[in-house]
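# Secondary and tertiary structure notes
Here is how the chains run, residue by residue.
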Amino acid sequence: MWRAGAVKKRTLLVALSLVLAWWLGNDWYAAYSQEKNVLKAERQLSLQAQEIMAVLNKRLGLLDGMESFIKSEIIATRKPVEGNAELASFMTGLLSTAPGIRGLSVAPKGIITAVQPLAGNEPALGLNLRTDQRASGAEAMGEAIRTRKIVVSDPFELLQGGLGLVARKAVFEDGKFWGVVSIILDMQPFLEESGLRHSGKAGMAQIAMRDRAGNVFFGAPEVFQSQPALRRLHMISGDWEIGAVPLGGWAMVMHGDLVFFRSITAALCLLVLGAFLSHRQLLPRADAGGPAPKITAALALPVVLVLTMSLTGVALVWLSQERDLADERERLSNDLDRAIEVIDHSLDGDRVFLEHLADEIARGTVDANDFQSKAALYVTAHPGLINVTWSDDAFVIRNTAPLEPNRQVLGLKLTLSEPERTSRLARDTHASAYTKPFTVLQGVPAFELYVPIYRDSRFLGNLGGVYSLPEMLRHTLPDWVHERYGLTVRSESGAVLVENYKLGRDVDSRITGSRNLPLLAENATIGFSRYTPSGDWRVTLLAILSVSLTLGMAYTIAAQQREISVRRRVEGELTRTVAELTRTNVELERFAYVAAHDLQEPIRSVVSFSQLLERRHGPHLAEEAREYIGFVVSGAKRLSTLIAALLDYSRAGHSHTNAQETDCNAVVSGVLEYLRATIDQTRAEVTVAPLPTVVGDSCQLHQLFQNLIGNGLKYCRPTAPPSITVKAERSHDGWVFEVSDNGIGIDKEYHSHIFEPFRRLHSATAYPGTGIGLSLCKRIVENHGGKIWVEAWPDTGSRFHFTLPDRPANAAAAA
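A brief report on the enclosed structure follows. Only a predicted model underlies this, so the values are computations on that prediction, with no experimental measurement involved.

A word on the packing of aromatic side chains. Evaluated as defined, the whole model comprises 14 aromatic pairs. For the ring pair Phe 353 and Tyr 378, a centre distance of 3.9 Å and an interplane angle of 5° mean the geometry is stacked. With Phe 353 in helix H6 (residues 297–363) and Tyr 378 in helix H7 (residues 368–381), this pair connects stretches of sequence that are 25 residues apart. Taken as a pair, Phe 353 and Tyr 378 share a single burial class, namely buried. Considering the side-chain rings of Phe 395 and Phe 459, the 5.8 Å spacing of their centres and the 45° angle between planes classify their relative orientation as tilted. Here Phe 395 is found in the loop between strand E11 (385–391) and strand E12 (397–401), whereas its partner Phe 459 is found in strand E16 (residues 458–468), with 64 residues between them in sequence.

Quick look at the structure:
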């Protein structure tokens, strides 16, 4: 017999062992969870990297085309590059094959001689790449000659504005260096086509890219400081890296899983400890002469169970909260994408308007007065657009609309760095261009859109749309954005340009995210921070749970002893009740057989004598009397059929003692042979897929398939012959069978009623039967441990599904 001191030492040892196991298990799960999340992100990054390289290679392949053209049309024919119309036409065609190609050039002996498009790229003509020290200049050309492969530069700021890269390939004539072909790419369309901007939908809420020198050219540099998932993009002269971390970091993603795992394992450890304490041999006994125990085996387990339930409840609340956080983060990512689409769509509409207005000015159909009225009306109807300016070819503002309160800009020259750079870019490229965000004369953070005005290749000036960034976002974004999120816009340097949060509303720092604004050449980011809901149901739930568990603990301890005696009494009564029910069922079954046999005899007598009466005295009976005799015969026959059906229904209610391996193919073949006359009469088409072998009663399964296939033959449409299909699919615990037809179908409101005994949806004259067939099917399926249901629609047919487990219900229960 254990003494109290030995019990305490053993209990302490078990408790310390459980704590150590819990601690080591949590360390293992934390490492496993982070590894699992990193691997998941790396798989997603691999797909993203493949997409980026595919989009890049699609454009780099143009250099191979240029090389082939140079060799066949220039080198082979000894034609000059300068002024070659065929070369210019070929390069112009290549420009239209993919978006984002800023320009193509050919440099015999390293000196650029041909460039497309020529407008805006005139300074490049005559540039000697052997001495050029800029991006992808002399060093890159030397590498292209040495490797004889396409060399891609790191992304850099193009002279025309925007982020881009240059790729070069050396061309050789008879093994000797001939020159270089080059392509200049805009990063923005390239990244758009690769789907990099929408990678947040795949779970990588924060994603960034850096070049071979470690300079981040897409996304936030902080990504590479947060132990990101990494993938390399292999370039000739060095690798780029793409990295991703979840929104809030790895700790935020793992937090919910770790809390749930720790709570559940703690609950399991408490259960083990409770089972240990509840063992009678480990507790001092009062009848052994020792001191009375402070806690009994009957009370130890309830206390531990209540603590276990408390931990489990907390774990479930935390798990629910983390799942909600994950859903909210995904929703925020999608909302950011939707918001950017809304902004892009709105700005695209303004650009189209200004381009149309510039075209009218170039054609002379709009003068200064017309410009004033049209532009002022448009600005008034589009909040966020401060004004529209009209500058001349010297970039001096000559008109502005509306005139008031923007009169102070008249006569000003575009000398601020961003307006000057962008207006000249629009002139040189013959295309619309956006500035980076900056502060305008009105003192608000803004950006401008410049649209060039050209008449017969002559530059006449620019139209400029001036936007207030805060007003544009306030009026462009839908109301649900402002109601759900706090809004922040930052410049490329990280300075806050716009910060719009509602007073009195707190934000959840775990649900934040940002995206680059594409139309602003990636020079600004927009960020959303989710407002915290006014009330959190989890706190209320946790309070209710704590009170309920406290009350439950008191009740459980008080009722524990009483429950033992009550259980024993109930078990005895249950045993007697089962025996009585077994005896009653046997008697009822015997009575059903006897009653069915005894009832059939008088029914046969009624039918026989009624028919005899009609044969012998039919000519002397009135028409009405003969009709009544027909009613008697019909009713008696229907009663006989109902009694037989009830007997079948009673038999199907018993456990199938003749369960054995049954080939369903053979069963269905027997059913089809039995129904052959009906099938031929209705010209039905019955298709049977290969069926499995199950453990069941072959007679009952024959009756099951016969009823379902027979219903398909009976309830057919008069306009089309029946078409019935029988098939089965594997499920996790057995088989799911389907018997489908193209018959009259069943209204949805009757789907739950057709399996009730004697429940008919049609009259007996329209469709004969007892109304017990489907209820019999239900009994047979449930007797085998499965379930049956129907999918049907009026005039389109029915699909009956039923399941049969691998083992019969009685065997599964016994196991």
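A few words on the sheet that holds strand E10 (residues 238–245). Strand order in the open sheet formed by four strands is E8-E7-E10-E9, with antiparallel pairing between adjacent strands. Each edge of the sheet is formed by a strand with only one pairing partner; in this case those strands are strand E8 (216–218) and strand E9 (229–235). Pairs of neighbouring strands in the sheet enclose a mean axial angle of 30°, with direction left out of account. Sheet topology note: the E9/E10 ladder contains seven bridges and is antiparallel.

Let us look at a nonpolar patch on the surface. Taken together, the side chains of Leu 20, Trp 23 and Leu 24 make up a nonpolar region of the molecular surface, amounting to roughly 360 Å² of accessible area. Note on placement: Leu 20 falls in helix H1 (residues 4–75). Taking relative accessible area as the criterion, Leu 20 reaches 51% and is therefore assigned exposed.

Ordered by their spatial adjacency, four strands build an open sheet running E18-E17-E20-E19, and the pairing between neighbours is antiparallel. A single partner strand is all that each edge strand has here, and the edge strands are strand E18 (496–500) and strand E19 (507–516). Neighbouring strand axes in the sheet, compared pairwise and without regard to direction, differ in orientation by 15° on average. Where strand E17 (residues 485–491) lies against strand E20 (residues 524–531), seven bridges are found, and the strand directions are antiparallel. When the sheet's bridge partners are listed, Tyr 485 is paired in E20 with Arg 530.

Looking now at the nonpolar core. If you look at the biggest cluster of nonpolar residues, it comprises 54 residues, and the most contacted ones within it are Ile 70, Val 106, Met 209, Leu 233 and Ile 242. With 16 residues, H1 is the single largest residue contributor to this core. When near neighbours in sequence (up to four residues on either side) are disregarded, Val 106 contacts Met 66, Ile 70, Val 81, Leu 87, Met 91, Ile 111, Ile 112, Thr 113, Ala 114, Trp 178, Val 180 and Val 181. Counting 45 residues, the second-largest nonpolar core is a separate cluster that includes Leu 325, Phe 353, Ala 375 and Ile 453.

Orientation of helix H13 (residues 664–674) relative to helix H15 (residues 698–714), taken along the N-to-C sense of each, is 50°, at an axis distance of 9 Å. Taken together, the axis directions place H13 and H15 in an arrangement best described as oblique. Between H13 and H15 lies a crossing of right-handed hand. For the pair formed by H13 and H15, the contact residues are Val 667, Val 668, Gly 670, Val 671, Leu 672 and Tyr 674 on the first element and Leu 701, His 702, Phe 705, Gln 706 and Ile 709 on the second. Residues belonging to the contact of H13 with H15 are distributed by class as follows: eight nonpolar, three polar and no charged.

Right, let's talk about the packing of H15 against helix H16 (residues 773–783) for a bit. Contact geometry of H15 with H16 gives a least axis separation of 9 Å together with a crossing angle of 145°. Both H15 and H16 take part in a crossing whose hand is left-handed. In contact with Gln 700, Gln 703, Leu 704, Asn 707, Leu 708 and Asn 711 of H15, H16 contributes Gly 773, Leu 774, Leu 776, Cys 777, Ile 780, Val 781 and Asn 783. Split into classes, the residues belonging to the contact of H15 with H16 amount to seven nonpolar, six polar and no charged.

Here we take up helix H2 (residues 85–95). Where H2 is concerned, the buried positions are Leu 87, Met 91, Leu 94 and Leu 95. Buried positions in H2, seen along its axis, are confined to an arc of 105° and lie on one side of it. Facing away from the buried side of H2 by over 90 degrees, the exposed positions are Ala 85 and Ser 89. Two or three places before Glu 86, at the opening of H2, Asn 84 has a side-chain oxygen 3.0 Å from that residue's backbone nitrogen.

A word on the pattern of salt bridges. Under the counting rule described, the total for this entry stands at 27 salt bridges. The salt bridge involving Arg 212 is made with Asp 154; its shortest N-O contact spans 2.7 Å. In this pair, Arg 212 sits in the loop between strand E7 (206–210) and E8 while Asp 154 sits in the loop between strand E3 (151–152) and strand E4 (156–157), placing the two residues 58 residues apart along the sequence. Its relative accessible area of 29% is what places Arg 212 among the partly exposed residues. By sharing partners, the salt bridges in this structure join Asp 64, Glu 67, Lys 71 and Lys 169 into a single network.

About the thresholds
Residues numbered from 1 in each chain as written. Predicted model: local features only at pLDDT ≥ 70, side-chain atom pairs only at ≥ 80, totals over all residues. Heavy atoms only, no water. Phe/Tyr/Trp six-rings, centres within 6.5 Å; stacked < 30°, edge-to-face > 60°. Helix = DSSP H or I, 4+ residues; strand = E, 2+ residues; numbered from the N terminus. Buried < 20%, exposed > 50% of the residue type's maximum accessible area, 1.4 Å probe, protein only. Pairing = 2+ DSSP bridges. Axes fitted to C-alpha atoms, helices over the stretch in contact; angles between N-to-C directions. Patch = residues over 30% accessible without salt bridge, like charges linked within 9 Å, V, L, I, M, F, W, Y side chains within 5 Å. Areas by Shrake-Rupley, 256 points an atom, 1.4 Å probe, with all protein chains shown as cover. Salt bridge = Lys/Arg side-chain N within 4 Å of Asp/Glu carboxyl O. Core = buried A, V, L, I, M, F, W, Y, C linked by side-chain atoms within 4.5 Å. Contact = heavy atoms within 4.5 Å. Parallel < 35°, antiparallel > 145°, perpendicular 65-115°, else oblique. Left-handed = near helix turned anticlockwise from the far one by under 90°. Nonpolar A, V, L, I, M, F, W, Y, C, P; charged D, E, K, R; others polar. Arc of directions from axis to C-beta. Polar contact = N/O pair within 3.5 Å; in protein donor to acceptor, adjacent residues only side chain to side chain.

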